[in-house]
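Here are the chains, one letter per residue:
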Amino acid sequence: MTARIDNDDTTRAIGPSRALVLDAARHARSVPSFPVERRVQLGDVARVRSETAARVSWTAVFARAYGLASRQYPQLRQIYVAWPWPRIYQDSRCVISVAVNRQFGDTERLYFGRIFDPDSRPVDSIQLDLDRFQCADPEVEFGVQSRGARLPWPVRRLLWWWRMEVEYKKRVRLSGSGAISTLAGHGVTNRLHPCVNTTSLSFGPIESDGQSLVTLQCDHRVIDGVVGARALNELCDTLRTRVADELASLGRSP
């Protein structure tokens, strides 16, 4: 798509979509995150994926591996709670928040879809969620986010604080235990996007040699560097083995 050139001096109000992003970015400033990353050889996985009868995106593939890694490393299901005293809560479920871009004419809106239990669901089932995020009516699929973003900013800040600190046991179901944000489909890598969750995953496009740069951002209040590195290695190794086998079991396209 060719970008429209607008030379007019204008001032525009911040709509609900940008308000949602601004709220997330504001909270991300309080998260002392650090990245661990490695280059992963995904040539064989890319070949198997391209031959499957079902269409499965790379986001679904990584979400499945992310979920399985959360069983080996429960820190991926933990969150930091600051009020009224600092503590760490571990949820029994893995929920991955996925950044979803929706196009409406000349306007683009960003929402956050949630993939529940990717550790216990096959990769093609995860893909159904991603398809729904892209195709369903956003006012229905992301209704809570849309309505919340229309509230005055003092009310939104109070609701964010309430969710993060008071009703923290619901936080994983509402905001995810981890997150995925990627621009690999556009041929670029967004390594250090604002990190709201304890961990947030990004991956770059598959290069000509079959490698991809994979980055896991970690909240240092919950995860140290060694654990972050081990969790990322587990995720990448699981993707190349168990998840690749799942893709192969879907059958080849005719």
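These numbers were taken from a predicted model, which means no experiment stands behind them.

1. Some details on the environment of A53
At step 1: In this fold, A53 is placed in the loop between α2 (43–51) and α3 (58–72).
At step 2: A53 gets classed as partly exposed once you look at its relative accessible area, which sits at 49%.
At step 3: Taking the C-alpha atoms as reference points, A53 and L247, 194 residues apart in sequence, are found 9.3 Å from one another.

2. Some details on the pairing of strand β8 (residues 211–219)
At step 1: Where burial is concerned, most of β8 is hidden: eight out of the nine residues are buried.
At step 2: Where strand β1 (residues 33–41) meets β8, nine bridges bridge the pair, whose relative direction is antiparallel. Bridge pairing in β8 places P35 opposite Q217.
At step 3: Sheet topology places strand β7 (residues 199–203) next to β8; five bridges connect them, and they run antiparallel.

3. Concerning the packing of aromatic side chains
At step 1: In the structure shown here, the tally under the stated rule is seven aromatic pairs.
At step 2: Taken together through their ring pairs, the aromatic side chains of W58, F62 and F203 make up a single cluster.
At step 3: Positioned above the aromatic ring of W85, the side-chain terminus of R87 is 4.7 Å from the ring centre.

4. A look at unusual backbone geometry
One can expect most non-glycine residues to show negative phi and most peptide bonds to be in trans.
At step 1: Residue P84 is bonded to the preceding W83 through a cis peptide linkage, with omega at -5°.
At step 2: Looking at the element boundaries, P84 is found in the loop between β2 (78–81) and β3 (87–90).
At step 3: With a phi angle near 55°, D117 is a residue other than glycine that sits in the positive phi range.
At step 4: Within the secondary structure layout, D117 lies in the loop between β5 (107–116) and α4 (123–135).

5. A short note on the side chain of S97
At step 1: Tracing the backbone shows S97 in strand β4 (residues 95–104).
At step 2: Accessibility expressed as a relative area gives 7% for S97, which makes it buried.
At step 3: Setting aside chain neighbours within four positions, we find S97 in contact with F112, G113, R114, S175, G178, A179 and I180.

6. Quick look at α3
At step 1: The first and last C-alpha atoms of α3 sit 22 Å apart over 15 residues, in line with the 21 Å expected at 1.5 Å per residue.
At step 2: Most of α3 is tucked away, with 13 of its 15 residues classed as buried.

7. Section: the sheet that holds β1
At step 1: One open sheet accounts for six strands, arranged β1-β8-β7-β6-β4-β5; its pairing is mixed. Strands at the two margins of the open sheet, each flanked by one partner only, are β1 and β5. Along the sheet, successive strands turn relative to each other by an average axial angle of 25°, direction set aside.
At step 2: Along the sheet, helix α9 (residues 225–249) contacts β1, β7 and β8; its crossing angle with β1, the most-contacted strand, is approximately 30°.

8. Overview of the pattern of salt bridges
At step 1: All chains considered together, the criterion is met by 16 salt bridges.
At step 2: Two residues, R93 and D117, come together in a salt bridge whose shortest N-O distance is 2.6 Å. Highlighted residues: R93 in the loop between β3 and β4 and D117 in the loop between β5 and α4, separated in sequence by 24 residues.
At step 3: Judged by its relative accessible area of 26%, R93 falls in the partly exposed class.
At step 4: Residues joined by salt bridges that share partners form a network here, namely R121, D129, R132 and E141.

How each quantity is defined
Residue indices begin from 1 for each chain and proceed along its sequence in written order. This being a predicted model, a pLDDT of at least 70 is required before a residue's local features are given, and a value of 80 or more before pairs of side-chain atoms are given or counted; all residues contribute to the totals for chains, interfaces and linings. Hydrogens and water molecules were not included; the side-chain quantities draw on all heavy atoms of the structure. Numbered from the N terminus, helices here are DSSP runs of H or I no shorter than four residues, and strands are runs of E no shorter than two. Exposure classes here rest on a 1.4 Å probe applied to the protein chains alone. A residue is buried below 20% of its type maximum, exposed above 50%, and partly exposed in between. Two strands are said to pair when DSSP picks up at least two bridges between them. Two rings from Phe, Tyr or Trp (for Trp, the six-membered ring) form a pair when their centres are within 6.5 Å of each other. A pair whose planes differ by under 30 degrees is stacked, one over 60 is edge-to-face, and the rest are tilted. Two limits define a charge over a ring: the Lys NZ or Arg CZ must be within 6 Å of the ring centre, and within 35 degrees of the ring normal. What makes two residues a contact is simply this: any of their non-hydrogen atoms within 4.5 Å. How far a helix is expected to stretch is found by multiplying one less than its residue total by 1.5 Å. An axis is simply a line fitted to the C-alpha atoms; with a helix, the fit covers only the stretch in contact. Between two such axes, the angle follows the N-to-C directions and lies from 0 to 180 degrees. In what follows, salt bridge is the name for a side-chain nitrogen of Lys or Arg lying within 4 Å of a carboxyl oxygen of Asp or Glu.

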